[in-house]
Amino acid sequence: MKYRNGLVKKAAALLMSAVLVGANAAPVRAAETTDLNLTKTGAIKLTLMDTDGVTVTGGAVTIYEVAKLTLDDGDMAYVFTDDFADCTVTLDVTDTTLAASLVSYMDGLLITGMEKEVSTNGMVCFTDLELGLYLVAQTTESAEYETISPFVVTLPVEEDSVWVYTVNASPKVGAVTLTLEEPEPETPAEEVYEEPETPVLPQTGISETALPQTGQLNWPLPILGIGGLLLLTVGFYLKNEERKSGYYAL
């Protein structure tokens, strides 16, 4: 009897363990596509932040509607918009290279999107959006920052088995690495010929108008002048005497 009771207890314990394991292994219920409301609109709200978690202001962000959301036999499906009608990229939202592939497709094409400037609090908000897949890219960089890497957003998104029609994202921007520019070599100035300056002679104490002293004596000049005058006077006197003497002789 005791042996039988022991078997019953062991069986009950095994059954309880199996129930607990089964409960833990049961998958979380996914949001049903039947709960989707395709008539609703969505929103994408972005907050630009740097790698230190500081909000970044300035610049502009543009979103491009790549595909519209539809239901195909109860399954979600994306159909390219007219701007991407010729795109051959597979719309796999789990592909990390999807955004880069879409950017490459857009290169050289005139595809316009919806652009908005980044506010002073680092936020950009796009509302009244049709459900579908969007490409987000920064078309104008913020001052002293690099542009964010392009990424894709689907509207709506599933969170905790519920469809959420407003997506909040905080893309990171990297600071620009400043590089010092080498100064341009200075253009040599044209050589201008200048006449050499006349050397200045040292001062000698002699006036510019003064004649140089050569040792000439000036004191005999008055004596010579007086002597010459006396000689003229004597000659004149003698000449008169000769005339008188000749007159009387006649």
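Placed above this text is the structure.
What you are looking at is a predicted structure, and each value in this text was computed from that prediction instead of being measured.

Re the pairing of strand β11 (residues 166–169)
- Covered by surrounding structure in β11 are Val167 and Ala169 only, the residues Thr166 and Asn168 on the alternate face being uncovered.
- Pairing geometry for strand β1 (residues 42–47) and β11, over 4 bridges, is parallel. Directly across from Ala43, in β11, lies its bridge partner Thr166.

Quick look at the pattern of salt bridges
- Per the counting criterion, the structure on display carries 2 salt bridges.
- Between Glu65 and Lys68 there is a salt bridge whose closest N-O contact spans 3.0 Å.
- Judged by its relative accessible area of 25%, Glu65 falls in the partly exposed class.
- Its relative accessible area of 32% is what places Lys68 among the partly exposed residues.
- In this structure, Lys68 engages Glu130 in a salt bridge whose closest nitrogen and oxygen atoms are separated by 2.7 Å. Of the two residues, Lys68 is situated in strand β3 (residues 60–72) and Glu130 in the loop between β6 (123–129) and β7 (132–140); the sequence distance between them amounts to 62 residues.
- Assessed through its relative accessible area of 44%, Glu130 is described here as partly exposed.
- Connected via shared salt-bridge partners are Glu65, Lys68 and Glu130.

What about the sheet that holds β11?
- Sheet architecture is open: 3 strands sit in the order β6-β1-β11, paired in mixed fashion. The open sheet has two edge strands, β6 and β11, and neither has a second partner. Strand after strand, the sheet turns through a mean of 10° between neighbouring axes, direction not considered.

Here's the deal with the environment of Thr140
- Locating Thr140 in the fold gives a position in strand β7.
- Sequence-wise, Thr140 and Val118 are 22 residues apart; in three dimensions their C-alpha atoms are separated by 9.5 Å.

Some words on the side chain of Asp50
- With respect to the helices and strands, the residue Asp50 is situated in strand β2 (residues 49–50).
- An unpaired buried charge is present at Asp50: no salt bridge exists, and Lys172, the closest side chain of opposite charge, is 6.9 Å distant.
- A distance of 2.8 Å separates a polar atom in the side chain of Asp50 from the backbone nitrogen of Val54.
- Within the structure, Asp50 has its side chain in polar contact with the side chain of Tyr145 (distance 3.4 Å).
- When sequence neighbours within four positions are dropped, the list of residues in contact with Asp50 reads Val56, Tyr145, Lys172 and Val173.

Overview of the environment of Trp163
- With respect to the helices and strands, Trp163 occurs in strand β10 (residues 162–164).
- When its relative accessible area of 13% is taken as the criterion, Trp163 is described as buried.
- From its side chain, Trp163 meets the backbone oxygen of Glu32 in a polar contact 2.9 Å long.

Overview of a nonpolar patch on the surface
- A surface patch of nonpolar side chains, amounting to about 310 Å² of accessible area, comprises Val234, Tyr237 and Leu238.
- Inspection of the secondary structure puts Val234 in helix α3 (residues 220–249).

Cut-offs applied
- Residues numbered from 1 in each chain as written.
- Predicted model: local features only at pLDDT ≥ 70, side-chain atom pairs only at ≥ 80, totals over all residues.
- Heavy atoms only, no water.
- Buried < 20%, exposed > 50% of the residue type's maximum accessible area, 1.4 Å probe, protein only.
- Helix = DSSP H or I, 4+ residues; strand = E, 2+ residues; numbered from the N terminus.
- Pairing = 2+ DSSP bridges.
- Salt bridge = Lys/Arg side-chain N within 4 Å of Asp/Glu carboxyl O.
- Axes fitted to C-alpha atoms, helices over the stretch in contact; angles between N-to-C directions.
- Lys, Arg positive; Asp, Glu negative; His and termini not counted.
- Polar contact = N/O pair within 3.5 Å; in protein donor to acceptor, adjacent residues only side chain to side chain.
- Contact = heavy atoms within 4.5 Å.
- Patch = residues over 30% accessible without salt bridge, like charges linked within 9 Å, V, L, I, M, F, W, Y side chains within 5 Å.
- Areas by Shrake-Rupley, 256 points an atom, 1.4 Å probe, with all protein chains shown as cover.

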